[in-house]
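Each chain is listed here by its residues.
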Amino acid sequence: MTPPDPDLLSAAQSASAWPFEEAKKLVARIAASGKREVLFETGYGPSGLPHIGTFGEVARTTMVRNAFRVLTEDKIPTRLVAFSDDMDGLRKVPDNVPNKELLAANLNKPLTAVPDPFGTHSSFGAHNNARLRAFLDSFGFEYEFMSATECYRAGRFDATLRLMLERYDDVMGIMLPSLRAERSATYSPFLPLHPKTGHVMQVPIDEVRREAATLVWRDPETGERFETSVLGGGAKLQWKPDWAMRWVALGVDYEMAGKDLIDSVKLSSEIARALGAAPPDGFNYELFLDEKGQKISKSKGNGLTIEDWLTYGTPESLSLFMYNKPREAKRLFFDVIPRQVDDYLTFLEKYPAQDSKLRLGNPVWHIHAGAPPAPELVQGAGERAATISFAMLLNLVAVANTEEPSVLWGFIRRYAPGASPQTHPVLDRLVTHALAYYRDFVRPAKAYRAPSEAERAALAELSEALAPFAGSTDAEALQAAVYEVGRSHFPDTSGKAKSPDGRPGVSQAWFSAIYQVLLGEARGPRFGSFVALYGVAETRALIAKALAGELLAEHQAFVATRAAA
RNA sequence: GAGCGCGUAGCUCAGCUGGUAGAGCAACGGACUUUUAAUCUGUAGGUCCUGGGUUCGAGUCCCAGCGCGCUCACCA
């Protein structure tokens, strides 16, 4: 956290960026309650792997937390709990795991009682918890992990569970009207664990024994009667009462949730109030939509994964996406990535010159917890230092026609002689992303064609003409050679184009042929420069492959493989 | 049925606490490159969905309407 800065502190009081708006609610809440610390919670259901929504929730909650710390001069301690609902029963076998039979044999048990199908952890729940933590750690989030199973077993929830038993009728009174008739007939906020099978039982409760803190129920299959303690992990709660109980037991002050949970938040809040506590502050963020405007869901597998995003864009660009307009539905698809990357770079570049007020409204302040790094500038020839945009890299990589970072760096150095992967590590990461983008979006769109007889002859001659330049990186000389060949095979007939020495020019058709036959593109780079970077020998090999029909065949095979995948 | 959000240039969208409409791409023109990419630069393009209200002043705030989209009502 940045050291106290009076200018920053006063700017924070009037800051209107949404994390500050949220943080101000918390300041008022603390003033009213007199609490000495603030607890933020994010929830996680470990029946699957962490996904992009998990990232968003933690990232956004962290932004509110940072704003709160500035607002209160860091005088009130804050904690962020990542809570895993790992006592939940396994309802169905996920598609994306090995050893499905193993899981199928353990349905309905708490996730922490289901063996790990990956064989690396003590349970499926523990495995997914570990994945969550590794995931959050990889982004450097500051948080405390908490397991529902451990909390229940350790008795951490016991006092609140007893309270809920006492107010059982109030809780039922809140829940029942929200349910349909057939469901409300059998509903219970408590789910006892079966003493013999270990299953999380969703059964009607025959009797609630408040003094003993037990429930009396029957196994619907065997008819056997059980009396189960709700304490120490003998039972867990249904989701909405569970959420409410957790808020009360842990003292959660802030938790945000998706729009799909609006009604749940409402009910859980009522339950929390019935337990005599104030439900946490927070807000409902909008859901992400896929390219067709549908809700992104884990089960459907539509939309983007975190891995997808990080293939083409930086973590910071993903954070920016999460920062922007959390209350509006946004399309989350590949094509939004380049813009987020560039917007981030632009905000970062502006930051140093901004005053405190503007800084607090700058997304990079929130993304980097008040301490954004210096922008990585590049000094172009005769130009002022600036950030190289991702859009420019994407253009460059398309014309460079390469999956090699070194070739792309060659093009970059033409623009900015001083730059290298060593001096510009951030830019080097962007290069990697741009290459991935080329590989997956640009290359598949290429359209090679076979050369005509005339083009074939010209290309063969070009290859010969280049031979004496082996090893040369003289772009001008190479370009002259390209023109020389073109002049004899594809002279300009319009009379418009002229060479510097007044000789006839070269037809556009020559260049078009080069790009379409050799690069599979309608347009391309200045060819002499391309050869200089790509290499004379490599270019001659490229021509040979084109004349042998291999480029066309390879690309068709590439496209076919892709279509099959 | 209930809730949430959106409607601004051809497209995608910015417009923070009300003060003369902005960006990127696309289009068209120019510079540079021997005529292709990049880069630089110029031009054009908008009843800010409609109708009221508050105000000296509304894209922005309030109300109503129209249109579009999403979510929830079994489980989490």
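Just so you know, these numbers come straight off a predicted model, no measurement behind them.

1. As for the overall build of chain A
Then comes step 1: Within chain A, the regular secondary structure consists of 25 helices and twelve strands.
Then comes step 2: Taken over 565 residues, chain A has a buried fraction of 50%.
Then comes step 3: A fraction of 66% describes how many contacts in chain A between residues 6 or more apart in sequence connect residues 24 or more apart.

2. Topic: the side chain of D116
Then comes step 1: Positionally, D116 belongs in the loop between α4 (100–104) and α5 (124–138).
Then comes step 2: Buried charge D116 goes without a salt bridge, the closest partner of opposite sign being R131 at 8.1 Å.
Then comes step 3: Once you skip the residues sitting within four places of it in the chain, D116 turns out to touch L102, H121, S123, F124 and H127.

3. Examining the sheet that holds strand β5 (residues 207–209)
Then comes step 1: Ordered in space as β5-β6-β7, the three strands form an open sheet in which the pairing is antiparallel. Of all the strands in the sheet, just β5 and β7 (225–229) have a single pairing partner and so form its edges. Going across the sheet, the axis of each strand differs from the next one's by a mean of 25°, ignoring polarity.
Then comes step 2: For β5 and strand β6 (residues 214–218), the ladder comprises three bridges, and the chain directions are antiparallel. What sits directly across from R209, in β6, is T214.

4. Regarding the environment of E101
Then comes step 1: In this structure, E101 sits in helix α4.
Then comes step 2: Relative accessible area serves as the criterion here: at 58%, E101 is assigned to the exposed category.
Then comes step 3: In the structure, E101 is positioned 347 residues away from Y448 in sequence and 48 Å away in space, judged by C-alpha atoms.

5. Details of helix α13 (residues 315–323)
Then comes step 1: Taking burial as the measure, the nine residues of α13 include eight buried ones, the bulk of the element.
Then comes step 2: Residues E316, S317, L318, S319, L320, F321, M322 and Y323 constitute the buried set of α13.
Then comes step 3: One or two residues past the end of α13 sits K325, with phi positive at roughly 40°.

6. Quick notes on the packing of helix α3 (residues 52–71) against α13
When two helices pack together, you describe them by how their axes are tilted relative to each other and by the distance separating the axes.
Then comes step 1: Across the interface, α3 lies against α13 with an axial gap of 9 Å and an inter-helix angle of 75°. Considered as vectors, α3 and α13 are oriented roughly perpendicular to each other. Side by side, α3 and α13 meet where I52, F55, G56, R60 and M63 of the first sit next to L318, S319, F321, M322 and Y323 of the second.
Then comes step 2: A breakdown of the residues in the contact of α3 with α13 according to their chemical character gives seven nonpolar, two polar and one charged.

7. Observations regarding the sheet that holds strand β1 (residues 38–44)
Then comes step 1: One open sheet holds the three strands; their spatial order is β1-β2-β3, and the pairing between them is parallel. Two strands in the sheet have a free side with no partner beyond their single neighbour: β1 and β3 (144–147). Strand after strand, the sheet turns through a mean of 30° between neighbouring axes, direction not considered.
Then comes step 2: Along the sheet face, α3 touches β1 and β2 (78–84) and points at about 175° away from the line of β1.
Then comes step 3: Across the face of the sheet, helix α10 (residues 239–250) comes into contact with β1, β2 and β3 while running at roughly 150° to β1.

8. A closer look at the confidence of the model for chain A
Then comes step 1: Mean pLDDT for chain A: 84, with 90% of residues reaching 70 or above.
Then comes step 2: Among the prediction metrics, the complex's ipTM stands at 0.83, with pTM recorded as 0.85.

9. Structural notes on the nonpolar core
Then comes step 1: Formed by 109 residues in total, the largest nonpolar core has its most connected members in F20, L393, I412, L462, W510, L518 and F527.
Then comes step 2: If one sorts the elements of this core by residue count, α3 sits on top with ten residues.
Then comes step 3: Look past the residues within four positions of L462 in its chain and what remains in contact with it is A481, V482, V485, W510, F527 and I543.
Then comes step 4: Membership of the second largest hydrophobic core comes to 46 residues, among which are V171, I174, Y187 and A235.

10. Observations concerning the pattern of salt bridges
Then comes step 1: Per the counting criterion, the structure on display carries 28 salt bridges.
Then comes step 2: With a shortest N-O distance of 3.8 Å, D169 and R210 are connected by a salt bridge. Taken together, the residues D169 in helix α8 (residues 168–175) and R210 in the loop between β5 and β6 connect sequence positions 41 residues apart.
Then comes step 3: The exposure class of D169 is exposed, given its relative accessible area of 55%.

11. Quick word on the environment of E554
Then comes step 1: Among the structural elements, E554 can be located in helix α25 (residues 550–564).
Then comes step 2: In sequence terms E554 and P220 are 334 residues apart; their C-alpha atoms lie 63 Å from each other.

12. Re the layout of surface pockets
Then comes step 1: Of the volumes computed, that of the second largest pocket is approximately 460 Å³.
Then comes step 2: Broken down by secondary-structure element, the contributors of at least two residues to the lining of the second largest pocket are α3, α13 and α16 (363–367).
Then comes step 3: If you tally residues by element for the lining of the second largest pocket, the top one is α3, at seven residues.
Then comes step 4: Grouping the constituent residues of the lining of the second largest pocket by class yields nine nonpolar, seven polar and four charged.

13. Thoughts on the packing of helix α20 (residues 453–466) against helix α24 (residues 536–547)
Then comes step 1: Across the interface, α20 lies against α24 with an axial gap of 10 Å and an inter-helix angle of 160°. Viewed along their axes, α20 and α24 adopt a mutual orientation that is roughly antiparallel. The crossing of α20 and α24 is left-handed. Taken together, the residues of α24 that come into contact with α20 (itself represented by R456, L459, A460, L462, S463, E464 and L466) are V536, T539, R540, I543 and L547.
Then comes step 2: Grouping the amino acids of the contact of α20 with α24 by side-chain chemistry returns seven nonpolar, two polar and three charged.

14. A short note on the packing of aromatic side chains
Then comes step 1: Using the criterion set out here, one finds 19 aromatic pairs in the structure.
Then comes step 2: An angle of 70° between the planes, with centres 5.1 Å apart, marks the rings of F333 and F334 as edge-to-face.
Then comes step 3: By relative accessible area, F333 is classed as buried at 17%.

Rules used throughout
Every chain is numbered independently, its residues counted from 1 as its sequence is written. Throughout, the order in which chains and ligands are written sets their labels, letters from A for the former and numbers from 1 for the latter. Side-chain atom pairs in this predicted model are given and counted only at pLDDT of 80 or more, local residue features only at pLDDT of at least 70, and totals for whole chains, interfaces and linings cover all residues. In computing side-chain properties, one takes all heavy atoms of the structure into account and sets aside hydrogens as well as water. In this description a helix means any DSSP run of H or I spanning at least four residues, a strand means any run of E spanning at least two, and both kinds are numbered starting from the N terminus. A simple rule labels every residue: compare its accessible area, found with a 1.4 Å probe on the protein chains alone, to the largest value its type can have, and call it buried under 20%, exposed over 50%, or partly exposed in between. Residues are treated as being in contact if the distance between any of their heavy atoms lies within 4.5 Å. Residues scored as charged are limited to Lys and Arg (positive) and Asp and Glu (negative), so that His and the chain ends carry no count. When a carboxyl oxygen of Asp or Glu lies within 4 Å of a side-chain nitrogen of Lys or Arg, that pair is called a salt bridge. Being paired, for any two strands, means DSSP has found at least two bridges between them. Under this scheme, a helix contributes an axis fitted over its contacting stretch, all axes are lines through C-alpha atoms, and angles between N-to-C directions fall in the 0 to 180 degree range. Any angle that is under 35 degrees is reported as roughly parallel, and any over 145 degrees as roughly antiparallel; angles of 65 to 115 degrees are reported as roughly perpendicular and all others as oblique. Each residue gets one label: Ala, Val, Leu, Ile, Met, Phe, Trp, Tyr, Cys and Pro are nonpolar, Asp, Glu, Lys and Arg are charged, and the others, such as Gly, are polar. Scored from 0 to 100, pLDDT reflects the predictor's confidence in each residue. Here the nonpolar core consists of buried residues drawn from Ala, Val, Leu, Ile, Met, Phe, Trp, Tyr and Cys, with membership extended through side-chain atoms lying within 4.5 Å. Throughout, the protein atoms alone are placed on a 1 Å grid, and a set of points is a cavity if a 1.4 Å probe fits but cannot get out or a pocket if it is open with protein on both sides within 12 Å along at least five of seven lines; lining residues have an atom within 4 Å of a point. Grid points are joined across faces, edges and corners, and a volume is the space filled by probe spheres set on the points. For a crossing to be left-handed, the near helix must be turned anticlockwise from the far one by less than a right angle; the clockwise case is right-handed. Here a pair means two rings of Phe, Tyr or Trp (six-membered ring of Trp) with centres within 6.5 Å. Their orientation is stacked below 30 degrees between planes, edge-to-face above 60, and tilted elsewhere.

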